[in-house]
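If you want the building blocks of each chain, they are given just below.
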Amino acid sequence: MAGPALKRLMAEYKQLLQDPPEGIMAGPVSDENYFEWEALIPGPEGTFFEGGIFPTKLTFPSDYPLSPPKMVFTCEMFHPNIYPDGRVCISILHPPGDDPMGYETSAERWSPVQSIEKILLSVMSMLAEPNDESPANVDAAKTYRENRDDFKRRAQILARKTLGID
Amino acid sequence: MLQISPRLRNTLISIGSLILTTAVVSNAFYQRKQFYPSIIYITKSNASMAAIYFQGLTLVFLTWKLLRWVFFGQLRPAEIEHLVDKSWFAMTDTCLAFTVFRDEFNSSFVTLFTILLFLKCFHWLAEDRIDYMERTPVITKLFHFRAVSLLTTLSFLDIFFVAYAYNSLVTRGASYQLVFGFEYAVLCTAVGFTAIKYILHCIDSLHDQTAPWDRKAAILLYTELVINFSRVTLYTVFLVLMFKMQSFPLFAVRPIYMAVKSFKKSLYDVIMSRRAIHTMNTLYPNATLEEIRAGDSTCIICREEMTTSCKKLPCNHIFHAYCLRSWFQRQQTCPTCRLDILRPRRPATAAAPAAAAPAGQPAPGGGAFPPGQFAFPQQPHFHMGNMAFPFPLPPGFPQHFPMPQPGQAGPAQLPNLTGAPMMYPAFYPAGGMMPPPPPLPPMPVPNFADMSEEDLRRLEGDSRRALEMRVAHLRNIQALLDAAVIQFTQYLSLMTPPVVLPAVPLTSTTTIPTGTSEATVSSSSTNATPSEETPTGNSESDEVRRRRLQRFQNGLAAEQP
Ligand SMILES: [Zn+2]
Ligand SMILES: [Zn+2]
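Residues numbered from 1 in each chain as written. Chains lettered and ligands numbered in written order. Predicted model: local features only at pLDDT ≥ 70, side-chain atom pairs only at ≥ 80, totals over all residues. Heavy atoms only, no water.

Draft legend 1. Main features of the overall build of chain B. Along its length, chain B carries 17 helices and two strands. Taking all 561 residues of chain B together, the buried fraction comes to 42%. Sequence separation of 24 or more characterises 72% of the internal contacts of chain B that already satisfy a separation of 6 or more. Accessible surface, chain B as shown: approximately 31,100 Å² in total, 65% of it carbon and sulfur. (Helix = DSSP H or I, 4+ residues; strand = E, 2+ residues; numbered from the N terminus. Buried < 20%, exposed > 50% of the residue type's maximum accessible area, 1.4 Å probe, protein only. Contact = heavy atoms within 4.5 Å. Areas by Shrake-Rupley, 256 points an atom, 1.4 Å probe, with all protein chains shown as cover.)

Given below as structure tokens:
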């Protein structure tokens, strides 16, 4: 019965269980629904978001892996590449062909060769190194560019919040 | 604020409404004592009527809940979301329709409209549910039972209402029944499509897991085309009839637009799919078992083992044929390396002497070139003139160059091509941005778009001529790749502190013996000539440079055997 998208998602889940990437936890929300995933992204050590564990939600289209999933941070975030509503804006999540910004080369974009693991790792490196060139959150990009200390302070507050420490 | 769960709230509303109605009815009966006078009493009183209408709404809501539970059980959040979205559109469309038929607006119209909206909701939910079949690993017997009974019920109801509207139109002439008739006819197409999908999913599930039923996608594609076409036809007929009988049906503009749009999309899908299949079947060979086993035998698209029916692209990447086809419907590139599969056959048109194009720069960086880098094969067929070397190199670089057909031209001649595309990002400096490119000699951009069909055909086939042409293109690629290496070296050397190499000593290097470096140095010396015009005022630094170069040359000469 299972469609190609489901098969591939199950295969990726199996792979992630067998060989999980450092510090990342990800899996479908339920056994019956493999098209919604939850993932916990640790803030990389030695970066602004160090110490936090950031909950995210991945939503897969029915034609996965032909189209990329959507990814949303479900906690409060302050980051140049995350929209104020939590949506993640990185090139790996953009299908090739539509490039509103004109910044990205197609090699960085989505194709079936990418995977959930690669997305999660990309998001981790996005946390480590924000890209303020085509910001999704202009406010965050401005703070990041002009006032690193303030950015770091706000990132650390958010990181602590994810641990339930206020 | 008191927090009430929606469930409790609904129960309270239902009970409240029931109490209200009972109160209204018993009050009327108490006042008038008899049945008919009581009814008249209720209809005369606005407050009583409001209570009755409210009771009607609650009843509709309860029926809805019951039927929904019978046919669907618990709704998923996505289904609810779709339902709400679509209901809003359906409501607005119908409100617009009310304005056209405002003379006929009465309670039977409201009833019919409620039933229509009701049925529409069930159609949408049915579609979502059947689509969900492909997305869940858990399909129970109950699911099948619900699906079959729901689809049967819906199709019977649709047909009944179409017939009812038709009869009404024939006997009583044009009325709002025309709108309802067409609405139900469109719903018929929807339930038909859903039923076909259900059957296809079921057939698919009976197939062996290891050998998926690869015709399903194609059948679905064509079914969608047919369904969308019939929908557009229905709307056209509706439009004509409405225009004749009443006025232009403004309320139907949105659904018609949507129907035309999805028809266009399904037509485009079919065309793209056909093109992809054609490309795959004519251009790319089936991968042999040895070829599959040679590399990673996992298909990168579905992450499953590849055994049979696999295709090999010119870049030597292998995929399941059916996986590749679904991808080609979206994009005509290799999923792994993004080689453009539709363009590779287009050859460069112009030919020009080659040696002039690469290494068009006086070598900066204190002679940082290892001797091997300049080993530029001097072949008579360098058609480099019109082949631009775009900078910075886009990762899609190989897309623009003619590719050989594997098996005929042989990957062996192009060992670096197969792996090359994946490597491009690695050439970017760590910072991510390219340094400003040095002034390159003007290199015209290749203009493959001008290729006529005939030119393309000339490249196909096994004739000597076609073979020769392909070989010529291969040489172009080689030249371009060599040029790329040189350019990259230049870029890398640009990143070290610039030390301008004087032109004068270079000419003397022509005396250096041996093969490779001779070709190398002579080509760079010709290219260096423009810089000879630089003023020779700074004699002190000139002297330093000369000495440096002398040392470098000595080193070079010492390395020669
Ligand atoms: Zn596959
Ligand atoms: Zn490839």
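Draft legend 2. Fine view of the UniProt feature "transmembrane region" (unreviewed entry) in chain B. According to UniProt, the feature "transmembrane region" (unreviewed entry) maps to residues 12–30, 50–71, 107–126, 147–166, 178–200 and 221–243 of chain B in the numbering used here. Across residues 107–126 of chain B, helical content stands at 100% and strand content at 0%; the span's end C-alpha atoms are separated by 29 Å. (UniProt positions renumbered as here; feature names shortened; annotations may be inferred.)

Draft legend 3. View of unusual backbone geometry. With omega at 5°, the peptide bond leading from A:Tyr64 into A:Pro65 counts as cis. For A:Pro65, the location among the structural elements is in the loop between β3 (53–59) and β4 (70–73). A positive phi angle is found at B:Lys33, which is not glycine, with a value near 65°. Note that B:Lys33 resides in the loop between α1 (6–32) and α2 (35–44). Despite not being glycine, B:Arg303 has its phi angle at roughly 60°, a positive value. Mapped onto the elements, B:Arg303 comes out in the loop between α10 (289–294) and β1 (310–312). According to the relative accessible area criterion, B:Arg303 is partly exposed, its value standing at 23%.

Draft legend 4. Seen up close, the interface of chain B and chain A. Of the residues lining the interface, 27 residues belong to chain B; the matching set on chain A comes to 32 residues. Between chain B and chain A the total buried area reaches about 2,600 Å² when both faces are included, carbon and sulfur atoms providing 56% of it. In terms of surface lost to chain A, no three residues of chain B exceed B:Arg135, B:Arg303 and B:Arg338, which account for 27% of the buried area on that side. Counting every contact that joins chain B to chain A gives zero salt bridges. The tally of links from chain B across to chain A stands at 10 residue pairs in polar contact (both at pLDDT 80 or more). (Buried area = accessible area lost by both parts, 1.4 Å probe. Salt bridge = Lys/Arg side-chain N within 4 Å of Asp/Glu carboxyl O. Polar contact = N/O pair within 3.5 Å; in protein donor to acceptor, adjacent residues only side chain to side chain.)

Draft legend 5. Molecular detail of the coordination of the zinc ion (ligand 1). All names here are of chain B. Distances from the zinc ion (ligand 1) to its protein donors, Cys299 (SG), Cys302 (SG), His320 (ND1) and Cys323 (SG), fall at 2.0 to 2.4 Å. Each of the four donor atoms bound to the zinc ion (ligand 1) contributes to angles spanning 95 to 120°, and the resulting shape is tetrahedral. When the donor residues of the zinc ion (ligand 1) are listed from N- to C-terminus, their spacing reads C-x2-C-x17-H-x2-C. For His320, a relative accessible area of 3% translates into the label buried. Overall, Cys323 belongs to the buried group, its relative accessible area being 6%. (Donors = N, O, S within 2.8 Å, 3.2 Å for Na, K, Ca; no water. Tetrahedral: all angles 85-135°; square planar, octahedral: opposite > 155°, others 65-115°.)

Draft legend 6. Representation of the sheet that holds strand β1 (residues 25–30) of chain A. All names here are of chain A. Strand order in this open sheet of four strands is β1-β2-β3-β4, and the pairing throughout is antiparallel. In the strand order of this sheet, the two ends are held by β1 and β4, each with one partner. When the angles between neighbouring strand axes are averaged without regard to direction, this sheet yields 30°. Sheet strands in contact with helix α2 (residues 116–128) are β1, β2 (33–42), β3 and β4, and its direction is about 30° off that of β2. (Pairing = 2+ DSSP bridges. Axes fitted to C-alpha atoms, helices over the stretch in contact; angles between N-to-C directions.)

Draft legend 7. Representation of the coordination of the zinc ion (ligand 2) within the structure. All names here are of chain B. Of the protein atoms, only Cys315 (SG), His317 (ND1), Cys334 (SG) and Cys337 (SG) coordinate the zinc ion (ligand 2), at distances of 1.8 to 2.3 Å. If you look at the zinc ion (ligand 2), its four donor atoms make angles of 104 to 117° with each other, and the shape they trace is tetrahedral. In the primary sequence, the donor residues of the zinc ion (ligand 2) line up as C-x1-H-x16-C-x2-C. The exposure class of Cys337 is buried, given its relative accessible area of 7%.

Draft legend 8. The arrangement of the UniProt feature "domain: RING-type" (unreviewed entry) in chain B in detail. In the UniProt entry, the feature "domain: RING-type" (unreviewed entry) is given for residues 299–338 of chain B. Along residues 299–338 of chain B the backbone is 25% helical and 15% strand, and the end-to-end C-alpha distance reaches 16 Å.

Draft legend 9. Broad picture of the packing of aromatic side chains. All names here are of chain A. What the rule picks out here adds up to 24 aromatic pairs over all chains. When the centroid spacing of 5.1 Å and the interplanar angle of 70° are considered together, the rings of Tyr144 and Phe151 count as edge-to-face. Here the two residues Tyr144 and Phe151 agree in accessibility, since each one is buried. Of the aromatic side chains, those joined through ring pairs into one cluster are Phe48, Phe49, Phe54, Phe73, Phe78, Tyr144 and Phe151. The ring of Tyr144 carries the charged tip of Arg148 above its face, separated from the ring centre by 3.7 Å. (Phe/Tyr/Trp six-rings, centres within 6.5 Å; stacked < 30°, edge-to-face > 60°. Lys NZ or Arg CZ within 6 Å of the ring centre and 35° of its normal.)

Draft legend 10. Inspection of the nonpolar core at higher detail. All names here are of chain B. With 52 residues, the main nonpolar core has Phe122, Phe180, Phe238 and Phe251 as its most contacted residues. Among the secondary structure elements, those contributing two or more residues to this core are α3 (46–72), α4 (77–100), α5 (107–133), α6 (141–172), α7 (177–206), α8 (216–245) and α9 (253–283). No other element matches the 14 residues that α5 contributes to this core. Among residues more than four places away in sequence, those in contact with Phe251 are Asp93, Leu96, Ala97, Val100, Phe101, Val179, Phe238 and Met242. (Core = buried A, V, L, I, M, F, W, Y, C linked by side-chain atoms within 4.5 Å.)

Draft legend 11. Region of the structure containing a nonpolar patch on the surface. A surface patch of nonpolar side chains, about 340 Å² in accessible area, is lined by A:Met25, A:Leu40, A:Ile53 and A:Leu163. Classification of A:Leu163 as partly exposed rests on a relative accessible area of 42%. (Patch = residues over 30% accessible without salt bridge, like charges linked within 9 Å, V, L, I, M, F, W, Y side chains within 5 Å.)

Draft legend 12. Geometry of the UniProt feature "active site" (unreviewed entry) in chain A. Residues and elements named next belong to chain A. Mapped onto the present numbering, the UniProt feature "active site" (unreviewed entry) falls on Cys89. Within the element layout of this structure, Cys89 appears in the loop between β4 and α2. In contact with Cys89, not counting residues within four places along its chain, are Asn81, Tyr83, His94 and Ala136.

Draft legend 13. Structural context of α7(B). Relative to the 44 Å expected for 30 residues at 1.5 Å per residue, α7(B) spans 43 Å between its end C-alpha atoms, a close match to the ideal helical length. Among the 30 residues of α7(B), 21 are classified as buried, and the element is accordingly described as predominantly covered. (Expected span 1.5 Å × (residues − 1).)

Draft legend 14. Up close: the packing of α5(B) against α6(B). Residues and elements named next belong to chain B. The geometry of α5 relative to α6 is characterised by a closest axis approach of 11 Å and an angle of 145° between their N-to-C directions. Handedness of the crossing formed by α5 with α6: left-handed. From α5, Leu112, Ile115, Leu119, Phe122, His123, Ala126, Arg129, Ile130 and Met133 reach across to α6, where they touch Phe143, His144, Ala147, Leu150, Leu151, Leu154, Leu157, Asp158 and Phe161. Class assignment of the residues belonging to the contact of α5 with α6 gives a composition of 14 nonpolar, two polar and two charged. (Left-handed = near helix turned anticlockwise from the far one by under 90°. Nonpolar A, V, L, I, M, F, W, Y, C, P; charged D, E, K, R; others polar.)

Draft legend 15. Looking closely at the side chain of A:Thr143. Residues and elements named next belong to chain A. Structurally, the position occupied by Thr143 is in helix α3 (residues 138–146). Among the polar contacts made by the side chain of Thr143, one reaches the main-chain carbonyl oxygen of Asp139 at a distance of 2.8 Å. Residues within four places of Thr143 in sequence aside, it is in contact with Phe78, Arg148, Asp150 and Phe151.

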